[in-house]
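One letter stands for each residue in the lines below.
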Amino acid sequence: MEELVKQIDALYAEFKKDAEAQIVKGNKAAGLRARKGALAISGLMKEFRKVSNESTKA
């Protein structure tokens, strides 16, 4: 689970950078990367929820 949290942190840092580039500079490519990153983060968050639930049941 610790590795999963590290992956989420890394993806969020990239997402934040790209989202800010889109907002501040109007960078369309950064917006695309931010949306793609948001989907990846969403998938990892679902995986985190699954692993977290399993660890509390054990």
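We now examine the environment of Ala40. Among the structural elements, Ala40 can be located in helix H2 (residues 28-57). Residue Ala40 is classed as partly exposed on the basis of its relative accessible area of 34%. It is 8.7 Å that separates the C-alpha atoms of Ala40 and Ile8, two residues lying 32 residues apart in sequence.

The next point concerns helix H1 (residues 2-25). In a regular helix each residue adds 1.5 Å, so 24 residues correspond to 34 Å; H1 covers 34 Å between its end C-alpha atoms and thus fits that length. Buried residues of H1: Leu4, Ile8, Asp18, Ala19 and Ala21, and no others. Next to the buried residues of H1 lie H2. Within two residues after H1, Gly26 carries a phi angle of roughly 70 degrees, on the positive side.

Conventions and cut-offs
- Residues numbered from 1 in each chain as written.
- Predicted model: local features only at pLDDT ≥ 70, side-chain atom pairs only at ≥ 80, totals over all residues.
- Heavy atoms only, no water.
- Helix = DSSP H or I, 4+ residues; strand = E, 2+ residues; numbered from the N terminus.
- Buried < 20%, exposed > 50% of the residue type's maximum accessible area, 1.4 Å probe, protein only.
- Expected span 1.5 Å × (residues − 1).
- Contact = heavy atoms within 4.5 Å.

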